[in-house]
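# Secondary and tertiary structure notes
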Amino acid sequence: MTTPSANILEVLNIEVVYNAIALVLKGVSLTVPKGGIVALLGANGAGKTTTLRAISNLLHAERGEVTKGAIQFEGERVDKLSPNDLVRRGAIQVMEGRHCFGHLTIEENLLTGAFTRCDGRAAIARDLDAIYQYFPRLKQRRTSQAGYTSGGEQQMCAIGRAMMSKPKLILLDEPSMGLAPQVVEEIFEIVKGLNEREGVSFLLAEQNTNIALRYARFGYILETGRVVLDGEAEALRTNEDVREFYLGVGGENRRSFKTVKTYKRRKRWLA
Amino acid sequence: MDLFHAIFVDPFAQMISAPDLLAQTVWEGFVAGILYALIALGFVLIYKASGVFNFAQGIMMVFAALTLVGLNEKGVPAWIALALSVAVMYGLAVAIERLVLRPLVNQPDIILLMATLGITYFLIGFGELVFGGSPKSMITKQLYLPEGAINLHVLGGQVQLQKLDIAAAVIAMLMVAGLALFFQKTRIGRALRAVADDHQAALSVGISLNQIWVIVWFTAGVVALATGIFWGARSDVSFALQVVSLKALPVLILGGLTSVPGAIVGGLIIGIGEKLGEFYWGPLLGGGIESWLAYMIALVFLLFRPQGLFGEKIIERI
């Protein structure tokens, strides 16, 4: 266990219940070091999005609730705050499926990201320029309605909008969803740039295990609401089980789902 | 053949032969329409920001006007009463957000609709308890609203414009312009449009929905106060006045529930349409069609264009 000061985010053994009935997370713990990129991996329905929503406190709007455990941001408990408070403190979520404001222009979208700030117009204008440096394509499309821009541009807009709140931590949910591989690469390069130059930490939920482990330094693998494996990105990438179950390249010869051995190993993995 | 003539020829012949009467009718329709538009605007604002169809909008109008007149009756000077009424509308917005919207967040739409019905009955009871149930007349003089009429000698006759109506039209247009500027140019206005587009995303960037709801309900309350003053001046201030707010429903169907320009254009179409209908086609049916013509127009629109004239343009990526 590292000292609290080195970690910007600590999630301690949380349980999440939806609609007071469906237990979705069954004790998830993870930490994000200051200035790190951490990947949260897993298949559909594993609980990645729920974990991010629990951290950003957006869970309440989906009738979900953290029933056990604690979430600490910069050493303070934040699991009872509103999303608004959390954005003020410096943790913001970029939601899955981008969720740009379709009828607002790209520039207006970016400006809504600065809603919680009160350091004046000049500072906001300066940061808007900085965002346009990172995303030159957004500058070209600044006056078009976000609903009419491409998927990649919308994803950039969503990340740029989050950056406008001057965050210390961005919870990035499925940035690769529905995008061409080339664009995915571009987005991840930008994430890397923001991490290195602006010092923003990232917690990244991804299904695209391959690319996520190339950019992240540490990874957690979730399955049915539990962390089943964690480790350095490099170690995960070479782990035999991860290679087989998530990267689809394990073993020397092709396997079929009928193979009993695989089934047994998968069962052990889930237990 | 006679009927055909009476419907399609005679009214138009009348319009052409007496253009001054036509202008008079259109003017009256215009004033009624712009007031309908103001009521509808209150519905649209709240619907866009909180997804609630606010049944209490009509009562909010009566309640605001009643507060103004009632305070004046109790000896408060008119301008201070006006300021206090605005403050009361703010208090109401905060109370509704705290006591109704916040506990019911994420409930199905129908529950919120029922809750606004509850607000309606609460406001009726509360208003009667505090200010009494008897109709009151609006304090137009104390608010320096103009009286009398201007007679224009145009179009070979004369058109009479009530000064109060002119004031109503001017103030309504100023409010609409002010709201449009507020929505387009300010930080809060931008946040309001963001909330209307995507609640979840607005939450995620740190926009506080509670704060936005208070602002929207307060804005709707101020619009209700303005409408209440002018409707109250045209008749009495009593709870019977809320029936005019029902006229906002066809306006909304016509203009689209999510569109501010739609509310304005819809209001004008309904206002002018029903006055023209009453004056030129009414006698065919023995008069009195003003009270239901708007609903007929709305019904036709529901059949052929259910999203209204200006219903939200849905942006779809292919």
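Before reading on, note that the structure itself is shown above.
So, here is what we can say about the structure in this document. (Residues numbered from 1 in each chain as written. Chains lettered and ligands numbered in written order. Predicted model: local features only at pLDDT ≥ 70, side-chain atom pairs only at ≥ 80, totals over all residues.)

Quick look at the overall build of chain A now. Regarding its fold elements, chain A presents eleven helices and ten strands. The proportion of buried residues among the 271 residues of chain A is 42%. Here the analysis covers contacts within chain A between residues at least 6 apart in sequence; of these, 70% occur between residues at least 24 apart. (Helix = DSSP H or I, 4+ residues; strand = E, 2+ residues; numbered from the N terminus. Buried ≥ 20, exposed ≤ 12 C-beta atoms within 10 Å, placed from the backbone. Contact = placed C-beta atoms within 7 Å.)

For an α-helix, 3.6 residues make a turn, and residues three or four places apart therefore share a direction. Residues and elements named next belong to chain B. The end-to-end C-alpha separation of helix H6 (residues 109-131) is 33 Å, in line with the 33 Å expected for 23 residues at 1.5 Å each. Listed in full, the buried residues belonging to H6 are Leu112, Ala115, Thr116, Ile119, Leu123 and Gly127. Tucked inside the fold, the buried residues of H6 contact helix H4 (57-73) and helix H5 (78-101). (Expected span 1.5 Å × (residues − 1).)

Residues and elements named next belong to chain A. Sheet topology note: the strand E9 (residues 218-223)/strand E10 (residues 226-232) ladder contains six bridges and is antiparallel. Bridge pairing links Gly219 to Gly231 in E10. Here E9 folds back onto E10 in antiparallel fashion, the turn holding two residues, of which Thr224 has a positive phi close to 35 degrees. (Pairing = 2+ DSSP bridges.)

Turning to the sheet that holds strand E8 (residues 201-206) of chain A, a few remarks are in order. Residue and element names in this part refer to chain A. The strand order E6-E7-E8-E3-E9-E10 describes an open sheet built from six strands, whose pairing is mixed. Looking at strand neighbours, the two that pair on one side only are strand E6 (91-94) and E10, the edges of this open sheet. Neighbour-to-neighbour, the strand axes of this sheet turn through a mean angle of 15 degrees, independent of strand direction. The sheet contact formed by E6 and strand E7 (residues 169-173) spans four bridges and is parallel. Residue Val94 lies in a different strand from E7, and its bridge partner there is Leu172. (Axes fitted to C-alpha atoms, helices over the stretch in contact; angles between N-to-C directions.)

This paragraph deals with the sheet that holds strand E1 (residues 7-18) of chain A. Residues and elements named next belong to chain A. Within the open sheet, the four strands sit side by side as E2-E1-E4-E5. Their pairing is antiparallel. Two strands lie at the open edges of the sheet, namely strand E2 (22-33) and strand E5 (76-77), each paired on one side alone. Bridge analysis of strand E4 (residues 64-73) against E5 gives two bridges, and the strand direction is antiparallel. Counted as the bridge partner of Gln72 is Arg77 from E5.

Each partner contributes to the interface: chain A provides 28 residues, whereas chain B provides 17 residues. At the level of elements, helix H2 (83-89), E6 and helix H3 (106-112) of chain A are the ones that each hand at least two residues to the side of chain A that touches chain B. Top contributing element to the side of chain A that touches chain B by residue count: H2 of chain A, with four residues. In terms of residue class, the side of chain A that touches chain B is made up of eleven nonpolar, 13 polar and four charged. (Nonpolar A, V, L, I, M, F, W, Y, C, P; charged D, E, K, R; others polar.)

This part takes up the packing of helix H3 (residues 19-50) of chain B against helix H10 (residues 209-234) of chain B. Residues and elements named next belong to chain B. At a minimum axis distance of 9 Å, the contact between H3 and H10 shows a crossing angle of 170 degrees. When the interaxial angle is binned, H3 and H10 end up roughly antiparallel. Between H3 and H10, the contacting residues are Leu35, Leu38, Ile39, Leu41, Gly42, Leu45, Ile46, Ala49 and Ser50 on the first element and Ile212, Trp213, Val216, Trp217, Thr219, Ala220, Val223, Ala224, Ala226, Thr227, Phe230 and Trp231 on the second. Tallied by class, the residues present in the contact of H3 with H10 amount to 17 nonpolar, four polar and no charged. (Parallel < 35°, antiparallel > 145°, perpendicular 65-115°, else oblique.)

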